[in-house]
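Descriptive structure summary
If you want the building blocks of each chain, they are given just below.
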Amino acid sequence: MFSVLNHSVIRQLDKLVLYTMNQRVPESLQTTYQDTPAFETVLAQTAVDLSQTPDYALSAPGEHTIQLNTMLGPITCHVRVRPARDPHAPLLIYHHGFSEMPYYGSWQRLFPKNHPYPVHSVCIQAPYHDHWRAPFEQSMASVLHIYQTFAGSLRLMELMQNHFEANGAPYTMLAGVSWGGITSLLYEGLFQRTAAVIPMLSSPDLAQVLLDIAEMFGRPIDISRRELKQLLDFSPYFDRFDNDKVYPLLGERDLFFRYENHQHHFANCQLNTISQGHISGFFHIAPLRQHLTQTLQHLIPSNKQVEDARFPAISQPVA
């Protein structure tokens, strides 16, 4: 369907969703920012509760419940695991987009069971993504809650990387769409332990996304541009590591991560684009799968399973 939409309709889809999201962002996000601790402070106070998380079971297929202890109280999250046939295959950790319900929806479409990649595939559930109201009511309640959402995901990613690499995975790659792309870039910026990062329809600058949405709908922002950038532009973390390991994909008509406002972050990367917006790009999944496939062919060139993977007609939407 999205392949035949004209450019105006593609942008109107983004604008309609953005309008709804703009209406749901609580006012408290702007009124509580002054007391926000540093992001790395929030991360340091976020930990997996190992007493409730049996490490030995984490590589088993299916969904696993993970308990986090945080400065905002205990948080329950989940991960979904699909092991490769080869225990020594690399690990690919995937992170979903903001307010994606169920959290594994795009993962299932990007990583269909009947056309597996030669990797252990793990999907991370961000904190506050267990109910359709929670991402806005909780994740967006304050800058601190935004930090906590990212920090919780990073601890789950760290847990899964440690587990799989201790059990034979030679290295780890990250992929994520939208919010998940930011999370993946943050992880590598902080830990610098992965072989590659594949952010799709995303960049490290969440502040710019919020500024563009506010401008589009004439929403007053009580935080100055400079302060918002200091709080939610994660580019300094991105700048810490080798950009050669980043394989980004941007939408040329994306009104969330506007190409003209985000492409400069990837000036030193092998940037690919699609002629889609954010929503059409998110649901017209075939080009995203093609980007993943081509990236894995580059990263695992000796693996015949990647080279010979028979995916559904890549030019068609995948259900």
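The model shown is predicted, which means the values in this text are computed figures rather than measured ones.

Considerations on the overall build of the protein chain
Counting secondary structure elements, the protein chain contains 14 helices and nine strands. For a compact globule of 319 residues, the expected C-alpha radius of gyration is about 20 Å, and the protein chain comes in at 19 Å, within 12% of that figure. Projected onto its principal axes, the C-alpha positions of the protein chain cover 55 × 50 × 35 Å. By sequence separation, contacts in the protein chain at least 24 residues apart represent 72% of the contacts at least 6 residues apart. Surface summary for the protein chain: the accessible area is close to 13,300 Å², and the carbon and sulfur share equals 50%. Taking the average location of the 22 positive side-chain charges in the protein chain and that of its 28 negative ones, the two points are 7 Å from each other.

Points about the side chain of T183
The residue T183 is located in helix α7 (residues 179-191) in this model. Discounting residues that sit within four places of it in the chain, T183 has contacts with H95, F150, S153, L154 and M157.

Some remarks on the side chain of R82
Relative to the helices and strands, R82 resides in strand β3 (residues 75-82). The side chain of R82 is buried and forms no salt bridge, while E63, the nearest opposite charge, is found at 12 Å.

A closer look at the nonpolar core
Counting 68 residues, the largest nonpolar core has F39, F150, L154, M160, L206, L232 and F234 as its most contacted members. The element that contributes the greatest number of residues to this core is helix α6 (residues 143-166), accounting for twelve residues. Discounting chain neighbours no more than four positions away, the residues touching F150 are F39, W179, I182, T183, L186, L206 and F234. Counting 26 residues, the second-largest nonpolar core is a separate cluster that includes L92, Y103, L288 and I300.

Some remarks on the pattern of salt bridges
Tallied over the entire structure, the rule returns nine salt bridges. Linking R258 and E260 is a salt bridge whose minimum nitrogen-to-oxygen distance equals 3.5 Å. On the accessibility criterion, R258 (19% relative accessible area) is buried.

So, the pairing of strand β4 (residues 91-95)
Of all five residues in β4, five are buried, a share of seventy percent or more. Neither face of β4 is open: one carries L91, I93 and H95, the other L92 and Y94, and all of them are buried. Taken together, the five bridges between β4 and strand β5 (residues 120-124) define a ladder with parallel strand orientation. Bridge pairing in β5 places Y94 opposite C123. In this view, the connection linking β4 to its parallel neighbour β5 by way of helix α4 (residues 105-110) has right-handed handedness. Summarising the sheet, β4 and strand β6 (residues 172-177) pair through five bridges and their orientation is parallel. Across the sheet, L92 pairs through a bridge with M173, a residue of β6.

About the criteria used
Residues numbered from 1 in each chain as written. Predicted model: local features only at pLDDT ≥ 70, side-chain atom pairs only at ≥ 80, totals over all residues. Heavy atoms only, no water. Helix = DSSP H or I, 4+ residues; strand = E, 2+ residues; numbered from the N terminus. Rg over C-alpha atoms; globule rule 2.2 N^0.38 Å. Contact = heavy atoms within 4.5 Å. Areas by Shrake-Rupley, 256 points an atom, 1.4 Å probe, with all protein chains shown as cover. Lys, Arg positive; Asp, Glu negative; His and termini not counted. Charge placed at Lys NZ, Arg CZ, Asp CG, Glu CD. Buried < 20%, exposed > 50% of the residue type's maximum accessible area, 1.4 Å probe, protein only. Salt bridge = Lys/Arg side-chain N within 4 Å of Asp/Glu carboxyl O. Core = buried A, V, L, I, M, F, W, Y, C linked by side-chain atoms within 4.5 Å. Pairing = 2+ DSSP bridges. Right-handed = clockwise from strand over helix to strand, strands pointing away.

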